[in-house]
Number of protein chains: 2
Amino acid sequence: MPPLLVVGSVAFDSIQTPHGRAENVLGGAATYFSVTASYFCPVSVVAVVGDDFGEKEMEVFRARGIDTSGIERAKGKTFRWSGQYSGDMNEAKTLETQLNVFQTFSPKIPAGYLDSPFVFLANIDPVLQLHVRQQVSGAGLAGCDTMNFWIRGKPDELKQTLAAVDALIINETEARMLSGVENLPQAAAAIQKLGPRIVVIKRGEHGAILFRGNSIFFVPAFPLEQVHDPTGAGDTFAGGFMGYLARAGDCIEANLRRALVYGSVMASFAVEEFGLDRLLRVRPEEIEARFQQFKAMTQFESDDFLLPTED
Amino acid sequence: MPPLLVVGSVAFDSIQTPHGRAENVLGGAATYFSVTASYFCPVSVVAVVGDDFGEKEMEVFRARGIDTSGIERAKGKTFRWSGQYSGDMNEAKTLETQLNVFQTFSPKIPAGYLDSPFVFLANIDPVLQLHVRQQVSGAGLAGCDTMNFWIRGKPDELKQTLAAVDALIINETEARMLSGVENLPQAAAAIQKLGPRIVVIKRGEHGAILFRGNSIFFVPAFPLEQVHDPTGAGDTFAGGFMGYLARAGDCIEANLRRALVYGSVMASFAVEEFGLDRLLRVRPEEIEARFQQFKAMTQFESDDFLLPTED
């Protein structure tokens, strides 16, 4: 199976939630994405880390069979992020961001990755996203993420990137901001006109929606009794979604729907513990069992009798 | 088929939304509920109206085959409500409430209704709800609604009512207020301990959840491009839910799930136009077609291959 390639951030996170805290733990979009996708398919990462990034951290990727030859080591410190969640934990309050070596990140795609059929451009400068996309121009499915910072700050560059990708995986607020439309189906339609034929809108505790052509598919969020740490949930979702598609090998509707469910399954595990803890420990049987739980929570049968027609 | 009995308010509503306004139109919980349920099963209404309630209004019920012999006519004016929706229209701002004849409403159940197997106690004083429940003690399925006013104002009386019903259909905010628990599955479990074995939590644009025993079932809201008037959506939902169950004749899981979908289908029609306009015009074929659209938006198949197990 050819690999799923992800380009994005690898970081050290410091996290506070009502349920505890974690200091300088391995994080970053490309990390959550690749660890998650590694349950489904071969994965390779393109990222940059500093000289504070040790063998211990690199081993986390290798232990999951992830190809780390695209992780560049630069002089300086690794990207560091510090955030706090409170109340309903729907949004993090950023306490500190140190871009460090990430500030001058210029993704270099190793020659062996250039024919990756599945590519995910995690949330980085849309100019870099487009640059990567042009290098892996043969990829049949290129997905990307973005954020309010780029939607506001580099709208034209972002539009060029969107015109070159197949799928956008984005949260509800960002979808509205990007499209300028409040109603989600209309927002998705407006985004599809910008390029991506597949639009996935993440709604946190309210699940996710898949839009392709005129088709809409809803999946709820898994009803957890407690969310310990939402950090990385969105990147984990994307990793499950793209990882399943890479494994399935195509984007027919049935696979896209299963991909949305696997994304939701993986995100539900991610938030059960701090940082990567739960994701690194989840077993394939647990993933399958939770997939079946999603099925049990959403499926119903048509009736065998129709309503009476009016007189 | 024995009738589904509903006890609740019949009113004149004045409504303002960003899409228009309607003055003194027929409304009230028992009205939305009974008009909706009438698409599924025979329905009878117990309510009170004033001497301003004319033949024209009564004919709305009769034209849908609804038994109005339990609609008492009292001296005075009919209950009047005036409200305004703005922004995301998730909640009405009440501009004026005139209880009028509803203030001294004491539901009288006609002898012919006492053996109704399906009963719905719409949002009225829990003391009255319990009084009705005791009169139709043979009903196999008694459902009820309530609101923040009673949860805060008559918590002990409400608990007595809940101990005597089978199903509670309530919105998200009220479920949290009633249980004192933020997490919805935990809130539903706490409410089940108070009596109702079936708990339905309505989440507006985020759909609805059915809890029974350890089983959970999610249905999304129908993705409408525009909501014109949310008035009566919750009562319409309850009318579709209870109406389908009365039609099906039992509460096996498959029927409860279909009932939740039919409730969502009917609510999605209700909000498309002002007041009862759309509900009075919807055709059974449209109801069935939208039911199938819900199916198409939520169903997925398991994969035929499993994830690789770890080495």
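Read on for an overview of the structure.

**Some details on the overall build of chain A**
Scanning chain A from N- to C-terminus turns up 11 helices and 13 strands. Here the C-alpha radius of gyration of chain A, 19 Å, is about what a compact globule of 311 residues would show, namely 19 Å. Across its three principal axes, chain A shows a C-alpha extent of roughly 80 × 40 × 40 Å. Evaluated residue by residue, chain A yields a buried proportion of 50% over its 311 residues. A sequence separation of at least 24 residues applies to 66% of the contacts in chain A between residues at least 6 apart.

**Some thoughts on the packing of helix 1 (residues 29–37) of chain B against helix 8 (residues 233–248) of chain B**
Residues and elements named next belong to chain B. Direction vectors running N to C along helix 1 and helix 8 enclose 40°, while the axes themselves pass 7 Å from each other. Classified by the interaxial angle, the pair formed by helix 1 and helix 8 is oblique. Our pair here, helix 1 against helix 8, has a crossing hand that is right-handed. Taken together, the residues of helix 8 that come into contact with helix 1 (itself represented by Ala29, Tyr32, Phe33, Ser34, Thr36 and Ala37) are Asp235, Thr236, Ala238, Gly239, Gly240, Met242 and Gly243. Taken together, the residues of the contact of helix 1 with helix 8 sort by class into 6 nonpolar, 6 polar and 1 charged.

**Overview of helix 8 (residues 233–248) of chain A**
Residues and elements named next belong to chain A. Relative to the 22 Å expected for 16 residues at 1.5 Å per residue, helix 8 spans 22 Å between its end C-alpha atoms, a close match to the ideal helical length. Burial analysis of helix 8 places 15 of its 16 residues in the buried class, the great majority of the element. Gly249 sits one or two residues past helix 8 and shows a positive phi near 90°.

**Digging into the pairing of strand 10 (residues 167–171) of chain B**
Residue and element names in this part refer to chain B. Buried residues dominate strand 10, accounting for 5 of its 5 residues. Here strand 10 shows a buried face lined by Ala167, Ile169 and Asn171 and a second buried face lined by Leu168 and Ile170. By the bridge criterion, 2 bridges tie strand 9 (residues 141–144) to strand 10 in an arrangement that is parallel. Counted as the bridge partner of Cys144 is Leu168 from strand 10. Relative to strand 11 (residues 198–202), strand 10 is paired through 5 bridges, and the arrangement is parallel. Within strand 11, the residue paired with Ile169 across the bridge is Val200.

**Regarding the interface of chain B and chain A**
Each partner contributes residues to the interface: chain B has 34 residues there, and chain A has 34 residues. Contributing elements (two or more residues each) for the side of chain B that touches chain A: helix 7 (184–194), strand 13 (215–219), helix 9 (253–270) and helix 11 (284–298) of chain B. Top contributing element to the side of chain B that touches chain A by residue count: helix 11 of chain B, with 6 residues. When the residues that make up the side of chain B that touches chain A are grouped by side-chain class, the tally is 18 nonpolar, 7 polar and 9 charged.

**Some remarks on the sheet that holds strand 12 (residues 208–212) of chain B**
Residue and element names in this part refer to chain B. Read across the open sheet, the 9 strands follow the order 5-4-1-8-9-10-11-12-13; overall the sheet is mixed. Each edge of the open sheet carries a strand with a single partner, namely strand 5 (67–73) and strand 13. The average angle at which neighbouring strand axes cross in this sheet is 15°, direction not considered. Most of the contacts of helix 7 go to strand 11, to which it runs at about 140°, and overall it touches strand 10, strand 11, strand 12 and strand 13.

**Things to note about the relation of the copies chain B and chain A**
Overlaying chain B on chain A yields an RMSD of 0.0 Å, the required transformation being a rotation through 180° with an accompanying axial translation of 0.0 Å. Read as a symmetry element, the transformation amounts to a two-fold axis.

**So, unusual backbone geometry**
Most of the time, phi is negative for any residue but glycine, and the peptide bond is trans. Of note in this structure, A:Asn100 is not a glycine but carries a positive phi near 50°. As for its placement among the helices and strands, A:Asn100 is situated in the loop between strand 7 (93–98) and strand 8 (118–121). A tally of 20 C-beta atoms within 10 Å means that A:Asn100 is categorised as buried. Notably, B:Asn24 is not glycine yet its phi reads approximately 50°, a positive angle. Inspection of the secondary structure puts B:Asn24 in strand 3 (residues 20–27).

**Observations regarding the sheet that holds strand 2 (residues 11–17) of chain B**
Residue and element names in this part refer to chain B. The mixed open sheet is built from 4 strands, whose spatial order is 3-2-6-7. The outermost strands of the open sheet, each flanked by one partner alone, are strand 3 and strand 7 (93–98). Averaged over all adjacent pairs, the angle separating strand axes in this sheet is 10°, with direction ignored. In this structure, strand 2 lies alongside strand 6 (residues 79–84), joined through 6 bridges in parallel fashion. Counterpart to Gln16 in the pairing with strand 6 is Gln84.

**A closer look at the nonpolar core**
Membership of the largest hydrophobic core comes to 99 residues, with the highest contact counts inside it found for A:Leu4, A:Val6, A:Phe120, A:Val200, A:Phe241 and A:Leu260. If one sorts the elements of this core by residue count, helix 9 (residues 253–270) of chain A sits on top with 10 residues. Those residues within four positions of A:Val6 in sequence are excluded, and the remaining contacts are A:Ala30, A:Phe33, A:Ser34, A:Val43, A:Val45, A:Phe120 and A:Ala122. Grouped together as the second largest cluster of nonpolar side chains are 98 residues, B:Leu26, B:Val165, B:Ala167 and B:Leu210 included.

**Comments concerning the environment of B:Ile124**
Residues and elements named next belong to chain B. Mapped onto the secondary structure, Ile124 falls in the loop between strand 8 (118–121) and helix 3 (126–135). Between the C-alpha atoms of Ile124 and Gly8, which are 116 residues apart in sequence, the distance is 6.3 Å. Setting aside its immediate chain neighbours within four residues, Ile124 contacts Gly8, Ser9, Phe105 and Gln129.

Thresholds, definitions, all that
- For every chain, the first residue of its written sequence is number 1, and the numbers climb from 1 along that sequence.
- Here every chain gets a letter starting at A, and every ligand a number starting at 1, in the order they are written.
- For this predicted model, a pLDDT threshold of at least 70 governs which residues receive local features, and a threshold of 80 or more governs which side-chain atom pairs are given and counted, while totals over whole chains, interfaces and linings are taken from all residues.
- Helix and strand definitions here come from DSSP, where helices need a minimum of 4 consecutive H or I residues and strands a minimum of 2 consecutive E residues; each element is numbered from the N-terminal end.
- Both definitions apply: the radius of gyration is a C-alpha atom measure, and the globule rule equals 2.2 Å times residues to the power 0.38.
- Here a residue counts as buried when 20 or more other C-beta atoms sit within 10 Å of its C-beta, as exposed when there are 12 or fewer, and as partly exposed otherwise, the C-beta atoms being derived from the backbone.
- Note that contacts rest on C-beta atoms placed from the backbone: two residues are in contact if these are within 7 Å.
- Lines are fitted to the C-alpha atoms to define the axes, a helix being fitted only along its stretch in contact, and any angle between axes, read from their N-to-C directions, falls within 0 to 180 degrees.
- Roughly parallel means an angle under 35 degrees; roughly antiparallel means over 145; roughly perpendicular covers 65 to 115; every other angle is labelled oblique.
- Note: crossing handedness is left-handed where the near helix turns anticlockwise from the far helix by less than a right angle, and right-handed where it turns clockwise.
- We call Asp, Glu, Lys and Arg charged. Ala, Val, Leu, Ile, Met, Phe, Trp, Tyr, Cys and Pro are nonpolar, and the rest, Gly among them, are polar.
- For a helix, the expected span equals 1.5 Å multiplied by the number of residues minus one.
- Paired strands, in this sense, are two strands between which DSSP finds at least two bridges.
- Our superposition of the copies is a least-squares fit, built on the C-alpha atoms of residues whose pLDDT is at least 70 in both.
- For this entry, the nonpolar core is defined as buried Ala, Val, Leu, Ile, Met, Phe, Trp, Tyr and Cys residues connected by C-beta atoms within 7 Å.

Interpretation in functional terms is not warranted from these geometric data alone.
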